[in-house]
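What follows is each chain in one-letter form.
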Amino acid sequence: MTAPVADSFPPGRPWPGSPGPGEPPSRPGRPGQPGRPGQPGWPGAPGWPAPHREPPAYPAVPPSRVWTDQGDWPGGLYQRLLERRIVMASGLLDGQGASVLSAQLLTLDADGDGPVRLELQGLDAELPAALTVMGVLDVLRVPVTAHVAGQIGGPALGVLAACGQRLGYPSAVLGLTEPTLNSGGTATQIRSQEEQIETMVDTLYIRLAEVTRREVDEIRADARHGRFFTVPEAVAYGLLDGEAGPGDMQRGGRG
């Protein structure tokens, strides 16, 4: 028996033969026969499938713009901050970073007599780099106010201590910890480096002792154990002068 062609079946009837109850009637004179389905009924008859209609068109939505080409906006933003005598220092302060930071501070010192606001945000530092910036801060003519944000610690506290005024944002954390150092070379070179490193560490601890009015041995012991301070604790310890407030944002730089 030859299988019937599927396209010849009436809509909704997967088998050939005469229409059953509730199915549209076949056209007159063309009854269904075994193996040959009857012709479909007339459109509009009960049970006849609804005609196909295209779904309604939705309004076109403009594509979203994704900003992928940022250009030089970070440099432009930092330039605007410098024009307001605000300097940003964040991340790891290494030798190259110390050179850039020193150049910015010296430029502002030469450009005018207004105060400088130094933003220390999540700052960590290599010991030699921190001592470099500390030396520059010591010779500036203009007053420098440091604002601490995020967590700073280790040698970065030396940069903070070299500023004339030291303020912390409410969520800042200060870590008095020993510097992390890497030494390499021959035994003679390592011994020479150890002597140099010991001198640099002493310089850092002496500066921290001066601003906190504590003994150097106390600073050294606290750094060895690793002490972390909230802003009120850092004020009590002497690392900060106070908590930064809305009015300090204008006083720290040229508004």
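Residues numbered from 1 in each chain as written. Predicted model: local features only at pLDDT ≥ 70, side-chain atom pairs only at ≥ 80, totals over all residues. Heavy atoms only, no water.

It is worth spelling out the nonpolar core at this point. The biggest cluster of nonpolar side chains holds 52 residues, and the ones touching the most others in it are Leu93, Leu105, Leu137, Leu160, Leu174 and Leu208. Of the residues forming this core, the biggest block, 8 residues, is contributed by helix H3 (residues 127-139). (Core = buried A, V, L, I, M, F, W, Y, C linked by side-chain atoms within 4.5 Å. Buried < 20%, exposed > 50% of the residue type's maximum accessible area, 1.4 Å probe, protein only. Helix = DSSP H or I, 4+ residues; strand = E, 2+ residues; numbered from the N terminus.)

This part is about the confidence of the model for the chain. The share of residues in the chain with pLDDT of 70 or more is 64%, and the mean pLDDT across the chain is 79. In the model, residues 29-35 has pLDDT below 50 throughout and makes 11 contacts with residues more than four positions away in sequence or in other chains. Within the model, pLDDT remains below 50 along residues 63-70, and this stretch shows 1 contact once partners closer than five positions in the same chain are excluded. (pLDDT = per-residue confidence, 0-100. Contact = heavy atoms within 4.5 Å.)

The next point concerns the packing of helix H2 (residues 95-111) against H3. Relative to each other, H2 and H3 sit at 10 degrees, their axes nearing to 9 Å. The orientation of H2 relative to H3 falls into the category roughly parallel. Between H2 and H3, the residues in contact are Gly95, Ala98, Leu101, Ser102, Leu105 and Leu106 and Ala129, Thr132, Val133, Val136 and Leu137, respectively. When its residues are assigned to classes, the contact of H2 with H3 shows 8 nonpolar, 3 polar and no charged. (Axes fitted to C-alpha atoms, helices over the stretch in contact; angles between N-to-C directions. Parallel < 35°, antiparallel > 145°, perpendicular 65-115°, else oblique. Nonpolar A, V, L, I, M, F, W, Y, C, P; charged D, E, K, R; others polar.)

What follows deals with the pattern of salt bridges. Any two side chains of opposite charge can pair if their charged atoms end up close together. All chains considered together, the criterion is met by 9 salt bridges. A salt bridge links Arg141 to Asp109, with the nearest nitrogen and oxygen atoms 3.7 Å apart. Taken together, the positions of Arg141 in the loop between H3 and strand S3 (144-149) and Asp109 in helix H2 put the pair 32 residues apart, joining distant regions of the chain. Of the charged contacts, one joins Arg227 and Asp222 as a salt bridge, the two residues approaching to 3.7 Å between their closest N and O atoms. (Salt bridge = Lys/Arg side-chain N within 4 Å of Asp/Glu carboxyl O.)

All right, on to the packing of aromatic side chains then. Following the criterion strictly, the structure yields 1 aromatic pair and no others. For the pair Phe229 and Tyr237, a centre-to-centre distance of 4.7 Å together with 45 degrees between the ring planes defines the contact as tilted. With a relative accessible area of 4%, Tyr237 lands in the buried category. Arg214 extends its terminal NZ or CZ atom over the ring of Tyr237, reaching a point 4.0 Å from the ring centre. (Phe/Tyr/Trp six-rings, centres within 6.5 Å; stacked < 30°, edge-to-face > 60°. Lys NZ or Arg CZ within 6 Å of the ring centre and 35° of its normal.)

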